[in-house]
Amino acid sequence: MDFPWEPLTAEDHRRTLRDWQRGKGLLGGDPRLRPSDSLEPAWAEGQRFIRSLMLDTPESKAAAQFLESRAAARAFELEIGPARADFILNRARREPDTLFLGVEVLTAAVRRALVRVARQGLDNVWFCDDDVRFAMPRLCTSRSLTAVHVLFPDPWWKRRHQYRRLMSPPFLSMLAEHMAPGGLLHVRSDVPDFMAWTGWLVEQSPDFQPPDMSLACRLQPYQPTHRELWCRSHGLPISVLCCLRA
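Remember, it's a predicted structure, so these values are computed and weren't measured experimentally.

Procedures and definitions
- Residues numbered from 1 in each chain as written.
- Predicted model: local features only at pLDDT ≥ 70, side-chain atom pairs only at ≥ 80, totals over all residues.
- Heavy atoms only, no water.
- Helix = DSSP H or I, 4+ residues; strand = E, 2+ residues; numbered from the N terminus.
- Buried < 20%, exposed > 50% of the residue type's maximum accessible area, 1.4 Å probe, protein only.
- Polar contact = N/O pair within 3.5 Å; in protein donor to acceptor, adjacent residues only side chain to side chain.
- Contact = heavy atoms within 4.5 Å.
- Axes fitted to C-alpha atoms, helices over the stretch in contact; angles between N-to-C directions.
- Parallel < 35°, antiparallel > 145°, perpendicular 65-115°, else oblique.
- Left-handed = near helix turned anticlockwise from the far one by under 90°.
- Nonpolar A, V, L, I, M, F, W, Y, C, P; charged D, E, K, R; others polar.
- Core = buried A, V, L, I, M, F, W, Y, C linked by side-chain atoms within 4.5 Å.
- Salt bridge = Lys/Arg side-chain N within 4 Å of Asp/Glu carboxyl O.
- Pairing = 2+ DSSP bridges.
- Expected span 1.5 Å × (residues − 1).
- Arc of directions from axis to C-beta.

1. Quick notes on the side chain of Asp130
- Take Asp130: it is sitting in the loop between β3 (125-128) and α5 (132-139).
- Residue class for Asp130 comes out buried when judged on its relative accessible area of 3%.
- Of note is the side chain of Asp130, whose polar atom sits 2.5 Å from the side chain of Ser52.
- Among residues more than four places away in sequence, those in contact with Asp130 are Pro31, Arg51, Ser52, Val103, Val105 and Ala135.

Below, the structure is given as structure tokens:
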């Protein structure tokens, strides 16, 4: 299936920004329109689970614990769409002084990941089931993220679904606001055109340095995701983009 894209015109930029400001494309909609999302669900009690609106709930023990973890962390990494969470849990085991946050809109996947967190006794990784476009400005402070990982995101193939695509100029601007200077942006996909689009966006952004594959060495030893292992077994090429926050 084709991933249609072309360089954005000035009008495209304006439309993308308007859509972003309206919250168009938020997966699951705006959590503020679902009041129960501000509460800690019963199944998450005592687990490392946070929702953005829980920070506005004074009685939330989880919110207080998350804020304490964020304040104490030596470094702070975000994975967007961790799914089975193989990558983020591996990094959490290897980097005990780093705080990890996995933002995954599929609540069932988050619940499965939390079972693994408890089983492995990890205390430096949290999960959230908000859309990252809503969660990042609420859960991450300015210039706090030392790395952001976007591994095999949904390309949203069809033109009529383009507004749901994660990579866009407003999204990169939000990333830049919350990434520390020198922070690593790490993107992988088995869709070459998606990666061409992402590379073009990065090259147009004044907030990021040009892609540099040598930066991938920072991720060693690297734990492939389940999707990446499947792609390798089926002979699908994997594209990687690494660059630094300027």
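Let us keep going from here.
2. Things to note about the side chain of Thr225
- Tracing the sequence through the fold places Thr225 in the loop between α7 (192-204) and α8 (226-233).
- Given the relative accessible area of 11%, Thr225 is considered buried.
- Those residues in contact with Thr225 that lie beyond four places of it in its chain are Asp86, Phe87, Leu151 and Phe152.

3. Thoughts on unusual backbone geometry
- In this model, Gln220 is joined to Pro221 through a cis peptide bond whose omega is -5°.
- Locating Pro221 in the fold gives a position in the loop between α7 and α8.
- Despite not being glycine, Ala85 shows a phi value in the positive range, around 70°.
- Here Ala85 is to be found in the loop between β1 (75-80) and α3 (86-94).

4. Details of the packing of α5 against helix α6 (residues 169-178)
- Between α5 and α6, the shortest axis-to-axis distance is 10 Å and the interhelical angle comes to 20°. With respect to each other, α5 and α6 are oriented roughly parallel. Considering the relative orientation of α5 and α6, their crossing is left-handed. Residues Val132, Arg133, Met136 and Pro137 of α5 form the contact with α6, whose own contacting residues are Phe171, Met174, Leu175 and His178.
- Classifying every residue of the contact of α5 with α6 by side-chain character gives 6 nonpolar, 1 polar and 1 charged.

5. Digging into the nonpolar core
- In terms of nonpolar packing, the biggest core is built from 57 residues, with Leu101, Phe127 and Leu185 touching the most fellow members.
- With 6 residues, α7 is the single largest residue contributor to this core.
- If near-sequence neighbours (up to four positions away) are discounted, Leu185 is found in contact with Val148, Leu172, Leu175, Met179, Val202, Phe208, Leu241, Cys242 and Cys243.
- In this structure, Leu151, Phe152, Ala216 and Leu219 belong to the second largest nonpolar core, which totals 12 residues.

6. Structural notes on the pattern of salt bridges
- Counting across every chain of the model gives 14 salt bridges.
- For Arg14, the salt bridge identified is with Glu11, shortest N-O distance 3.1 Å. Of this pair, Arg14 and Glu11 both sit in helix α1 (residues 10-21), 3 residues apart, roughly one helical turn.
- For Glu77, the salt bridge goes to Arg91, with nearest N and O atoms at 2.8 Å. Of this pair, Glu77 sits in strand β1 while Arg91 sits in helix α3, and the two are 14 residues apart along the sequence.
- Given the relative accessible area of 7%, Glu77 is considered buried.

7. So, the sheet that holds β1
- Strand order in the open sheet made by the 6 strands is β3-β2-β1-β4-β5-β6, with mixed pairing throughout. The two strands at the open ends of the sheet, each matched to only one other strand, are β3 and β6 (239-244). Geometrically, the sheet is characterised by an average inter-axis angle of 15° between neighbouring strands, direction not taken into account.
- Pairing analysis gives 6 bridges linking strand β4 (residues 145-151) to strand β5 (residues 179-189), with the strands arranged parallel. Note on β5: the bridge partner recorded for Ala147 is Leu184.
- Against the sheet, α5 contacts β1, β2 (98-103), β3 and β4, and its axis sits at roughly 170° relative to β1.

8. Examining helix α2 (residues 61-72)
- Compared with the 16 Å implied by 1.5 Å per residue over 12 residues, the 17 Å span of α2 between its first and last C-alpha is a close match.
- The set of residues buried in α2 consists of Ala62, Ala63, Phe66 and Ser69. Mapping the buried residues of α2 onto a view down its axis gives an arc of 125°, with all of them on the same face. Facing away from the buried side of α2 by over 90 degrees, the exposed positions are Lys61, Glu68, Ala71 and Ala72.
- Structurally, α2 contributes buried residues whose contacts are with β1, β2, β3 and α5.

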